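# Topology and contacts: notes
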Amino acid sequence: MKLVSGMCIAVAVVFLPFAYLEFDFQHDGLMMKTAMDLASGQRIFRDTFTQYGPLSSWIQALALVVFGVKATVLKTLSILALTTAIGFFCMSWRYFLSSRELIVSVVLWGSFAYFFH
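Since we're looking at a predicted model, the values are computed, not measured. (Residues numbered from 1 in each chain as written. Predicted model: local features only at pLDDT ≥ 70, side-chain atom pairs only at ≥ 80, totals over all residues. Heavy atoms only, no water.)

Time to look at the overall build of the chain. Helix and strand content of the chain: 5 helices and 0 strands. If you list the helices and strands of the chain from N to C, you get α-α-α-α-α. A total of 117 residues make up the chain; the buried ones form 30% of that total. Sequence separation of at least 24 residues holds for 55% of the intrachain contacts in the chain that already meet a minimum separation of 6. (Helix = DSSP H or I, 4+ residues; strand = E, 2+ residues; numbered from the N terminus. Buried < 20%, exposed > 50% of the residue type's maximum accessible area, 1.4 Å probe, protein only. Contact = heavy atoms within 4.5 Å.)

Our next topic: helix H2 (residues 27–39). Its 13 residues give H2 an end-to-end C-alpha distance of 18 Å, which sits within 8% of 18 Å, the value for a rise of 1.5 Å per residue. Where H2 is concerned, the buried positions are Asp-28, Leu-30, Met-31, Met-32, Thr-34, Ala-35, Asp-37 and Leu-38. Those residues of H2 hidden inside the fold are in contact with helix H3 (54–67) and helix H4 (71–93). Trailing H2 by a residue or two, Gly-41 shows a phi angle of about 105 degrees, which is positive. (Expected span 1.5 Å × (residues − 1).)

Once that is clear, we can look at the packing of aromatic side chains. If you walk through the whole model with that rule in mind, you get 3 aromatic pairs. Where Phe-89 meets Trp-93, the ring centres are 5.3 Å apart and the plane angle is 10 degrees; that geometry is what we call stacked. Of this pair, Phe-89 and Trp-93 both sit in helix H4, 4 residues apart, which is roughly one turn of the helix. By relative accessible area, Trp-93 is classed as partly exposed at 23%. (Phe/Tyr/Trp six-rings, centres within 6.5 Å; stacked < 30°, edge-to-face > 60°.)

The tendency in soluble globular proteins is for nonpolar side chains to be buried as a group. By size, the foremost hydrophobic cluster in this structure holds 13 residues, and its most contacted members are Val-11, Phe-15, Ile-86, Cys-90 and Val-106. Among the secondary structure elements, those contributing two or more residues to this core are helix H1 (2–19), H4 and helix H5 (99–110). With 6 residues, H1 is the single largest residue contributor to this core. Beyond its immediate sequence surroundings of up to four residues, Val-11 is in contact with Thr-83, Ile-86, Val-106 and Trp-109. Residues Met-32, Ala-35, Ala-63 and Val-73 belong to the second largest nonpolar core, which totals 6 residues. (Core = buried A, V, L, I, M, F, W, Y, C linked by side-chain atoms within 4.5 Å.)

At Phe-45, a position not held by glycine, the phi torsion is positive, near 70 degrees. Taking relative accessible area as the criterion, Phe-45 reaches 57% and is therefore assigned exposed.

Okay, the pattern of salt bridges next. Between side chains of opposite charge, pairing is possible as soon as their charged atoms come close. In total, this model carries 3 salt bridges according to the counting rule given. The salt bridge partner of Asp-28 is Lys-75, with a shortest N-O separation of 2.7 Å. Taken together, the residues span a long stretch of sequence, with Asp-28 in helix H2 and Lys-75 in helix H4 at a distance of 47 residues. Pair check on accessibility: Asp-28 and Lys-75 agree, each one buried. The partner of Asp-37 in a salt bridge is Lys-33, with the nearest N and O atoms 2.3 Å apart. Of this pair, Asp-37 and Lys-33 both sit in helix H2, separated by 4 residues, roughly a single helical turn. (Salt bridge = Lys/Arg side-chain N within 4 Å of Asp/Glu carboxyl O.)

Okay, structure coming up:
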């Protein structure tokens, strides 16, 4: 379990600084607009559009209501989602891989990050 939590912390430390470097108007703007619309009481698929499905938009709208309407809230929520995902990956990969192979797998997974392109 220490290895899994270590991998989660490592992913958060590596990804977090890059999350705030730029605002992608195509992806981040679409997610921000949908979350803002839902937070203001509009209905999904009637008043606003989402291309990723309703659950992520509702979670992001809740985050905007709780923490304020800022792009950094959605960026931080994205990092939290990535950290949670790698935690689940590590827990499942742990059954099939050794510790070294698990670390290599996480490094390879992280090498496909958007900020390396």
